[in-house]
Structures are given as structure tokens and as C-alpha cells.
Amino acid sequence: MTNAWISGSVVATLSGALGFFVVLRGASFAAHAIPNGAFAGAAGANLVGVNPLFGLVTFALAAALGIGASSRHVRNDVATALSLVLMLALGAAFLTLSTQYEAGMTSLLFGEILGVSTSEIVPVVILGVLCLATVAMLFRPMLFSSVAPAMAEVRGVRVAVIETVFMVALALSTALTVPVVGALLTFALMVGPPAAARLVSTRPGRSFALSIALALVTVWVSIACSYTFNLPIGFFVGTGGAVLFLAARVWNARRTRRGVRNLLV
Amino acid sequence: MHWIFEPGLWANSSVRTALAVGAIVALVSSVVGVFTVLRGQTFAGHALTDVATAGGAGAVLAGVAPLLGFLGGGVLGAGVMEGVGVERVRGRDVATGVVLGAAFGLSALFLYLSTSTSATTGTTQLILFGSIFTVSPSTLPVVAVLSGAVLLIVASIARPLLLSSLSAELAAARAIRVRAVGFAFVAVLAVSVGLSSIIIGSILSTALLIGPPASALKIVNRLGGAFVLAAAAGVAAALSGVVLAYDSFYWFASHRGLPVSFFVVVIVVLEFVAASVAQRLRQRPGEPGRVEPPRPTVS
């Protein structure tokens, strides 16, 4: 149970921090596609018999860099959609060929936080701290190039480099999150809390901190509920993100006094 | 021929049903997909598949046919996204994402409950990755009627839909009710996503919806040509997917066949790569590339 709390907290902090940039850059679709790459990687690693983390990191990196590279040539959303389904299909094929089909698939897609072992904690914490340090060091240029890429370029920020670093950090954090909350719901954690935080505060620093805090609360409540009611954690993470977003919309609408219409925009 | 068509392929009734259902559904998906790609609604189309997942999982839990759940979930999701304003550019990326995340949460719950309360295994696989070989012949008329309805609606709104996809302002000036047309299209999109979910599963139905149309639009400029080419590419992918999946049973010593959805997706992606290469080769150096439809920006 302690393992679940530790890895859950690391994962939530990472998702909240990177999700802030995902929402800011409108990169939701990429953030949705990369976990599916990680799913295929874990399934492949299972089949060959190597450490799943290795497969997760490799495939997530390949998916992130592939989406980044192809988006310059092809229309972005079509390329993302096709790489997404290709990865899912590969994962399904790998799992079919291995022996533990149904159980392996469910835990990879929908998460199994209570199954995190002590030996898995150490790499999760190390990679998590590495990711967070990168984001913290590059916070200002990353923010600048997300909001106004052209102006950032003029002011001497190397936007292409920052973009690659962002994609790599996103891939690493995804690889860590997938085994905990599952490939399909990694995305919910990366979009729900940051989107809610952004509605509540428009100031970057405050919104960033709030995003991490909301992600942490979502994960902690989900772990507790999952344990108490004996239901999959993905259910609580997914619906929790949506509830937060809805609450933030209501709060925002009341504060700006534009009434209910604002809810619908 | 023996290499491609393993013995017993044509004698097997579930394979015949699979081929028929596959061809019909691929045709509908490709036609609807042409408009989805033109309108830049790839992410919305994909999100609908995820909402359909929750519907399908709920249907299995309630003990009704998955097709019913796929359709119900898709149509409900289309209504919610239209209501929340996913269609509108501002914040649509994020709103789509949140709807999608909530849908996955529900799927997780439903799948968990249905696998833990009944002894049937394979529910997760059935819903997410499809199993066309288990489609009963009695479903075929239902699929055919729904597909006919979708094609009829698309044909009757094709011109106003095309105009409002390319320029909403121009369409409004020509007295086209852009919103009504848009909603009719999302409803049609939901039904076609529900249909393709039974072949290649709900989370992979994006492949049939987006792949063949995107490939076709790379090669031809005219709408009619794009329809024909997309339909041909989609049907080819579905049919060869079914045949290859049947054959794959003999490929491994363990007699573990690969899923139909895997082959369909791989073929669709290969078609897209081939179309991209063909487009690149046709462009002579110095000649400006094809003008892509404007991509909606996310504010």
C-alpha cells in the first residue's frame, strides 16, 4: 500500500506539471497517443521477457519523437490518429501472442496501482525527479515558446530544441504513469486537473502549482476510493478529472458573472 | 492461391458473415470519413469511439447486444459534445479530452464489473479490439439497414455539408443552416463509429474512419473520386484483414491467431504511407505543394 502512495504521488506530480504545458500548447491529442505507444511497449516487453519499464520508455519515446517529426510533414491530427491506432493494434497483437491475454490487457489499459512492487519504486522515483528537474529548469523558455512561439524564436529561445525536450519529458512521464493508472487513463490525469487549474487562475505560476495540487488530490482520493470500494482506480481518475473540470467551469462562470452561458462555451 | 486462402475459408459461415459485415462497414466508414478529415474533426471522431467504448461495455454488463451499446454511446457522446460546444474552436481540444477521459473511466468500471460478476472471459477484448468472427448472421440485416440509412443521409446533405465544411461563413450566406447540418453529420459519424466498432473494436475504429479517406485525399482532389478511392481502400483493408486473420491461425506453432483489428490497422497505415509517397513523387521540384484545408487553431 505504501508503494501505491509513493508511486501515485510521483505520477500525479509529473502529470500535473507536464499537463499544464499540454493544455497550454493544445497538445491533448499527442498526450492521448503517446500512452498507447507505451501500452504497445509494455505488451512487447512482456512477450520477449524483458523489464516492462524498458519497453514502456522505448516505445513512448519512439511515439513522441515520431509524432513530433511527422507533424512537420503531414497534417498533424491524421498522423497522430494513425500512429495511435497502430500502436494500440501492435499492443493487442503482442498480448495475443503472449500467454496472459485478458489479465495483462486489463491491467495495462486500465491500471493496477496496488500491484506496484518495491523494486519498481526506485526507477520510478529517479526518472520522475529527472523529469521534474528538467521542467523546473526550462520552465520560463518552455512557457514562452508555448504561448508565443514566434516571439520566443525572435527573443533567442531555441523553440525546436525546447519542443523536443518537452516531447521527451512527456514520453518519460507517460512511461511511468501507464503501469499505475493505465494507458487509456494516463491522458485523463494529464488533461483534467490542468484544464481545471487553467480555468481557475490565468497566472502561469499559480495555475502550474494548482495543476499539480489538483492532480495529487485526484490520485490520492482515487487510491483511497479504489481500495475502499474495491473498484478499478481508472474509474475514479477518469471521472474525477471530469468532475474537477466541470466544477472549475461553474466556479469560473459564477466569478465572471457571465451567467450560465459561459458554461457552454 | 492456397497460400492466401487457407482450406476451409469459404466453407466457414462465420467467415462469410465477417466478410460481408466487414465490406459494408468499411464502405460506410470511408464515406463518412472523407467529411471527417475535410472538416478537421479527427480528434472528435476519435473521442466518439472512446465514448462508444463505454456504451459497448455498459451493454455487455446489462446483457444486451454490444452493437446497441456502441450505437447508444456514440449518439449520446455526439449529443454531449455538441452541447458542451466541442464543435466550436475555442477550448474544443480540452473539452474533447475531458469527455474522453470520463468515458474511459466509465469503461474501466463497466469492464471490471462485467468481468468480475460473470465467468465470461474476453469481454475486454471484444469491446476494445472487436471480434468480427463472433458476429451472428442475424446481425447482418441490422448492419445493412443502418449502413443504408447513413449513406442516404450523407448523400442528401452532401452539398451543403461540403460547403459548410470548407467555409462556414459562405454557407451561412447561402442560407444553409450550418449548425443543423453539422449536428446531422455528427450523428451520422456516431452511427458509423458504432458500426465499425463491431469489426475492429471501439478504440481502433478510428483507423477505418480516418485512414482510407486521408490516403484518398492525398491522391485525388475531386470529392467524387475521393469517395470511390476511400471506399475501395477501406473495403480492401477490411477484407484482407479478415482473410489474413483467418490464415494467421496456421502461422504459429501455438495456433494463436492474430486479431482481425491488427491486420486491418496495419493495412490502413501501409495504404496511408503509400499514398504519402505517391503524393511526394508526383510533386515536381519547384512546384508548390497541394494546398491543405486550413487546420482549425486551438486558442
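Residues numbered from 1 in each chain as written. Chains lettered and ligands numbered in written order. Predicted model: local features only at pLDDT ≥ 70, side-chain atom pairs only at ≥ 80, totals over all residues.

Q: I keep staring at the overall build of chain A and nothing clicks. Help me out?
A: Within chain A, the regular secondary structure consists of 13 helices and zero strands. When the helices and strands of chain A are listed from N to C terminus, the series reads α-α-α-α-α-α-α-α-α-α-α-α-α. Counting all 265 residues of chain A, 53% fall into the buried class. Put simply, 73% of the contacts in chain A that link residues at least 6 apart link residues at least 24 apart. (Helix = DSSP H or I, 4+ residues; strand = E, 2+ residues; numbered from the N terminus. Buried ≥ 20, exposed ≤ 12 C-beta atoms within 10 Å, placed from the backbone. Contact = placed C-beta atoms within 7 Å.)

Q: How do you make sense of the overall build of chain B when you look at a structure like this?
A: When you go through chain B residue by residue, the secondary structure sums to 11 helices and zero strands. Mapped in sequence order, the helices and strands of chain B form the string α-α-α-α-α-α-α-α-α-α-α. Going through the 299 residues of chain B one by one, you find that 53% of them count as buried. By sequence separation, contacts in chain B at least 24 residues apart represent 75% of the contacts at least 6 residues apart.

Q: How should the packing of helix α10 (residues 223–248) of chain B against helix α11 (residues 260–282) of chain B be read in this particular structure?
A: Each pair of packed helices can be summarised by the angle the axes make with each other and by the distance between the axes. Residue and element names in this part refer to chain B. Look at α10 against α11: their axes get within 8 Å of each other, and the N-to-C directions meet at 140°. Here α10 lies oblique to α11, going by the angle between them. Considering how the two elements wind past one another, α10 and α11 form a crossing that is right-handed. Residues A233, A237, A238, S240, G241, V242, L244 and A245 of α10 form the contact with α11, whose participating residues are V260, F263, V264, I267, V268 and E271. (Axes fitted to C-alpha atoms, helices over the stretch in contact; angles between N-to-C directions. Parallel < 35°, antiparallel > 145°, perpendicular 65-115°, else oblique. Left-handed = near helix turned anticlockwise from the far one by under 90°.)

Q: Help me understand helix α2 (residues 42–62) of chain B in this model?
A: Helical periodicity: at 3.6 residues per turn, an α-helix aligns residues three or four positions apart in one direction. Residue and element names in this part refer to chain B. For α2, with 21 residues, the first-to-last C-alpha span of 30 Å sits near the 30 Å given by 1.5 Å per residue. The buried fraction of α2 is high, at 19 of 21 residues. Phi turns positive one or two residues past the end of α2, at G63, with a value near 85°. (Expected span 1.5 Å × (residues − 1).)

Q: Got a minute to help me understand the confidence of the model for chain B in this structure?
A: Detailed reading of the predicted coordinates is not advisable wherever pLDDT falls low. For chain B, per-residue confidence averages 78 on the pLDDT scale, and residues scoring 70 or more make up 81% of the total. Across the whole predicted complex the pTM is 0.78, and at the interface the ipTM reaches 0.75. (pLDDT = per-residue confidence, 0-100.)

Q: Where do I start with the environment of A:F110 in this structure?
A: If you trace the backbone, A:F110 turns up in helix α5 (residues 101–110). The buried category is assigned to A:F110, around which 26 C-beta atoms lie within 10 Å. Residues contacting A:F110, with those up to four places away along its chain left out, are A:G182, A:L184, A:L185, A:P232, A:G234 and B:A108.

Q: Explain the nonpolar core here, please?
A: If you look at soluble globular proteins, the nonpolar side chains tend to sit buried side by side. Core analysis: the largest hydrophobic core is formed by 186 residues, its most contacted members being A:F39, A:A60, A:A89, B:V264 and B:V265. Counting residues per element, this core draws most heavily on helix α4 (residues 76–97) of chain A, at 15 residues. Once you skip the residues sitting within four places of it in the chain, A:A60 turns out to touch A:I34, A:G37, A:A38, A:G41, A:A171, A:T174 and A:A175. (Core = buried A, V, L, I, M, F, W, Y, C linked by C-beta atoms within 7 Å.)

Q: Sorry, what's going on with the packing of helix α1 (residues 2–25) of chain A against helix α11 (residues 204–229) of chain A here?
A: Residue and element names in this part refer to chain A. Running from N to C, α1 and α11 cross one another at 145°; their axes reach a closest spacing of 8 Å. You can see that α1 and α11 cross each other, and the crossing is right-handed. Residues A4, W5, G8, S9, V11, A12, T13, S15, G16, A17, G19 and F20 of α1 touch α11, and the partners they reach there are S207, F208, S211, I212, L214, A215, L216, T218, V219 and I223. Taken together, the residues of the contact of α1 with α11 sort by class into 13 nonpolar, nine polar and no charged. (Nonpolar A, V, L, I, M, F, W, Y, C, P; charged D, E, K, R; others polar.)

Q: Could you clarify how one ought to interpret the environment of B:V181 in this entry?
A: All names here are of chain B. By secondary structure assignment, the location of V181 is in helix α8 (residues 178–200). The exposure class of V181 is partly exposed, given the 19 C-beta atoms found within 10 Å. It is 9.9 Å that separates the C-alpha atoms of V181 and L162, two residues lying 19 residues apart in sequence. Not counting residues up to four positions away in its chain, the partners in contact with V181 are I157, P160, L161, S164 and I176.

Q: Would you mind going over the confidence of the model for chain A with me for this structure?
A: Residue and element names in this part refer to chain A. Mean pLDDT over chain A: 80, with 89% of residues reaching 70 or higher. Within chain A, helix α13 (residues 261–264) has the poorest average pLDDT of any element, 47, and α11 the best, 88. When the criterion is pLDDT under 50, residues 259–265 qualifies, and its contacts beyond four places in sequence or with other chains add up to 12 contacts.

Q: Sorry if this is basic, but what is going on with the environment of A:G68 here?
A: All names here are of chain A. Inspection of the secondary structure assignment puts G68 in helix α3 (residues 52–70). Under the C-beta neighbour-count criterion, G68 is labelled partly exposed, with 18 such atoms within 10 Å. Remark: the alpha-carbon pair of G68 and E163, spanning 95 residues in sequence, is separated by 8.3 Å.

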